[in-house]
Amino acid sequence: MKSVSGHSGFHTCTGCSILSALQDLPSAPWPVLRSKMEKHLQVISVLQWVISFLAMGAAGTVLLIYMFCTDLWVIAAMYTAWLIFDWNTPKQGGRRSSWVRNWTMWTYFRDYFPIRLIKTHNLLPSRNYIFGYHPHGIFSFGAFCNFGTEATGFSKKFPGIKPSLATLAGNFRMPVFRDYLMSGGICPVNRNSIDYLLSQNGTGNAVVIVVGGAAESLNCAPGKNSVTLNNRKGFVRLALQQGSDLVPVYSFGENDVYKQVIFEERTWWRLAQKRLQKIIGFAPCLFHGCGFFSSDSWGMVPYNKPITTIVGEPITVPKIEQPPRDMVDLYHAMYINSLTSLFDKYKTRFGLKESDILHIH
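About the criteria used
Residues numbered from 1 in each chain as written. Predicted model: local features only at pLDDT ≥ 70, side-chain atom pairs only at ≥ 80, totals over all residues. Heavy atoms only, no water. 1 Å grid on protein atoms, 1.4 Å probe; cavity = no way out; pocket = protein on both sides within 12 Å on 5 of 7 lines; lining within 4 Å. Points joined across faces, edges and corners; volume = space filled by probe spheres on them. Helix = DSSP H or I, 4+ residues; strand = E, 2+ residues; numbered from the N terminus. Nonpolar A, V, L, I, M, F, W, Y, C, P; charged D, E, K, R; others polar. Core = buried A, V, L, I, M, F, W, Y, C linked by side-chain atoms within 4.5 Å. Buried < 20%, exposed > 50% of the residue type's maximum accessible area, 1.4 Å probe, protein only. Contact = heavy atoms within 4.5 Å. Expected span 1.5 Å × (residues − 1). Arc of directions from axis to C-beta. Pairing = 2+ DSSP bridges. Polar contact = N/O pair within 3.5 Å; in protein donor to acceptor, adjacent residues only side chain to side chain. Salt bridge = Lys/Arg side-chain N within 4 Å of Asp/Glu carboxyl O. Axes fitted to C-alpha atoms, helices over the stretch in contact; angles between N-to-C directions. Patch = residues over 30% accessible without salt bridge, like charges linked within 9 Å, V, L, I, M, F, W, Y side chains within 5 Å. Areas by Shrake-Rupley, 256 points an atom, 1.4 Å probe, with all protein chains shown as cover.

S.K.: Any details on the layout of surface pockets? Residues and values, ideally.
M.R.: The calculated volume of the largest pocket comes to roughly 1,100 Å³. Counting residues per element, the lining of the largest pocket draws most heavily on helix H2 (residues 29-67), which supplies five residues. Here the lining of the largest pocket is composed, by residue class, of 30 nonpolar, twelve polar and three charged.

S.K.: Kindly report on the nonpolar core, identifying the contributing residues and their values.
M.R.: Counting residues in each nonpolar core, the largest one holds 52 residues, and the members touching the most others are Phe109, Phe113, Phe131, Phe141 and Phe147. Non-local contacts of phenylalanine 113, meaning those with residues more than four positions away in its chain, are made with Val46, Phe141, Val257, Pro302, Tyr303, Asn304, Lys305, Pro306 and Ile307. Counting residues in each nonpolar core, the second largest holds 33 residues, with Val227, Phe252, Tyr331 and Phe343 among its members.

S.K.: Tell me what's going on with the environment of methionine 300, and back it up with residues and numbers.
M.R.: With respect to the secondary-structure elements, methionine 300 resides in the loop between strand E10 (298-299) and strand E11 (307-311). Taking the relative accessible area as the measure of exposure, methionine 300 reaches 34% and is therefore partly exposed. Along the chain, methionine 300 and histidine 288 lie twelve residues apart, while their C-alpha atoms are 5.9 Å from each other. In this view, methionine 300 contacts Leu47, Val50, Leu54, Tyr258, Phe287 and Cys290; residues no more than four positions away in its chain are not counted.

S.K.: Residues and numbers for helix H12 (residues 268-280), please.
M.R.: Helical geometry note: an α-helix holds 3.6 residues per turn, so side chains three or four residues apart project in the same direction. Between its first and last C-alpha atoms H12 spans 18 Å; for 13 residues at 1.5 Å apiece the expected length is 18 Å, and the two agree. The set of residues buried in H12 consists of Arg270, Gln273 and Gln277. One side of H12 carries all its buried residues, which in axial view fall inside an arc of 60°. In H12, the exposed positions angled more than 90 degrees off the buried face are occupied by Trp268, Leu271, Arg275, Lys278 and Ile279.

S.K.: I'd like to hear about the pairing of strand E5 (residues 205-210), residue by residue, with values.
M.R.: Within E5, six of the six residues are buried, which leaves the element mostly enclosed by the surrounding structure. The two faces of E5 match: Asn205, Val207 and Ile209 on one face and Ala206, Val208 and Val210 on the other face are all buried. Of the pairings in the sheet, the one linking strand E2 (residues 129-134) to E5 comprises five bridges and is parallel in character. In the sheet register, glycine 132 faces E5, and the bridge partner there is isoleucine 209.

S.K.: Before we move on, could you go through the side chain of glutamine 242 and cite the residues and values that matter?
M.R.: On the secondary structure map, glutamine 242 appears in helix H11 (residues 234-242). Side chain to side chain, glutamine 242 and aspartate 195 meet in a polar contact 2.9 Å long. Beyond its immediate stretch of four places on either side in the chain, glutamine 242 contacts Asp195, Leu198, Ser199 and Lys319.

S.K.: Give a description of the pattern of salt bridges that names residues and reports values.
M.R.: Throughout the structure, instances matching the rule amount to eleven salt bridges. The residue arginine 95 makes a salt bridge to aspartate 179 at a minimum N-O spacing of 2.9 Å. On the criterion of sequence distance, the pair formed by arginine 95 in the loop between helix H3 (73-85) and helix H4 (98-101) and aspartate 179 in helix H8 (residues 177-183) is long-range, its members being 84 residues apart. Classification of arginine 95 as partly exposed rests on a relative accessible area of 33%. Given a relative accessible area of 23%, aspartate 179 falls into the partly exposed group. The shortest N-O distance in the salt bridge between glutamate 265 and arginine 270 comes to 3.3 Å. Judged by relative accessible area, glutamate 265 falls into the partly exposed class, the value being 47%.

S.K.: Go over the sheet that holds E11 with me, naming the residues and quoting the values.
M.R.: With mixed pairing, seven strands are arranged side by side in an open sheet as E1-E11-E7-E2-E5-E3-E4. At either margin of the open sheet sits one strand with a lone partner, and together these are strand E1 (115-119) and strand E4 (187-188). Pairing of E2 with strand E7 (residues 245-252) involves six bridges; the strand directions are parallel. Opposite histidine 134, over in E7, you have tyrosine 250 as the bridge partner. Sheet strands touched by helix H9 (residues 191-199): E2, strand E3 (162-167), E4 and E5. Its angle to E5, the strand with the most contacts, is close to 155°. In this fold helix H13 (residues 325-346) packs onto E2, E7 and E11, with an angle of close to 35° to the strand it touches most, E7.

S.K.: I'd like to hear about a nonpolar patch on the surface, residue by residue, with values.
M.R.: On the surface, a cluster of nonpolar side chains totalling about 420 Å² of accessible area is made up of Leu41, Ile44, Phe292 and Phe293. With respect to the secondary-structure elements, leucine 41 resides in helix H2.

Nothing here speaks to function; it is all geometry.
In structure tokens, the structure reads:
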């Protein structure tokens with residue numbers, strides 16, 4: 001009996017020791033693992049967009065040509081016929097997909113930086129708008145996330161308003177990539193496309209134009225607050241012709257996610273960049289972010305710096321089919337004042353000093 005009792009006591013003590021050891025183990029390995037998995041998914045979601053923007057169009061074109069040389073030529077021929085038939089769709093409102101705009105992937109994209117959208121005023125669904133987005137940055141991540149997806153809740157914050165982010169028209173000549181862009185509500189930044197959205201698509205439309213364009217991207221760098229705007233008046237003239245209200249939009253942090261080598265004016269490299277910009281439509285920037293596996297290495301992954309996009313107060317614009325130059329200049333000056341006021345009002349909330357100013361070129 002004593003032996004049995006002692007044996008039982010041994011098991012009891014052993015059980016207590018095991019329980020005590022288990023309690024001493026790290027308390028939450030799964031949350032740590034989950035956090036690492038989410039971080040990797042965030043990096044992948046951002047990297048896929050960077051690679052898609054840089055290579056999907058070219059890859060789709062090469063693949064289509066290659067398929068014509070294989071037994072799959074029938075599929076290539078059918079897609080080419082569809083491409084010809086569908087050629088003008090991007091200029092006629094596109095083909096947005098609510099399903100694509102609400103992909104879970106975009107929430108990982110949003111959380112990587114993270115990206116936030118801040119509303120300052122209500123927008124009326126009975127009006128049309130032209131949003132001027134600043135600054136361009138390298139890839140305009142804030143513009144894409146806020147207006148090309150629903151990751152930051154644009155439709156909930158601005159009910160009745162349908163955003164259409166405008167980008168290079170050449171992108172819509174690329175097989176597959178054009179469909180990917182249109183699914184997000186992205187349209188060509190040309191006169192026909194924007195005219196259609198603002199005059200033949202009802203009301204509640206907001207065309208988002210990255211006003212500085214390729215020229216501005218050549219000058220972006222971390223900590224630099226400058227926009228190319230002084231001679232950009234075409235969007236103001238268009239707003240007057242369509243009677244669409246102007247809305248200044250500024251993204252704090254857009255310039256901080258990549259480091260860029262900025263060449264001095266009149267140097268050979270600078271002249272080569274500008275020449276290529278005129279030929280291909282976008283600026284060949286020499287930039288880098290961090291590596292996929294380490295933030296200490298160089299790579300294509302942007303640095304995870306916060307991007308906060310502020311949508312400012314709309315400027316009511318009358319409809320004048322042939323606006324005189326002085327009228328365009330007047331509303332252009334009003335827009336610059338509104339953008340500067342927006343920057344000054346919010347700059348200290350997002351890491352800038354009171355003495356920092358917005359440089360307008």
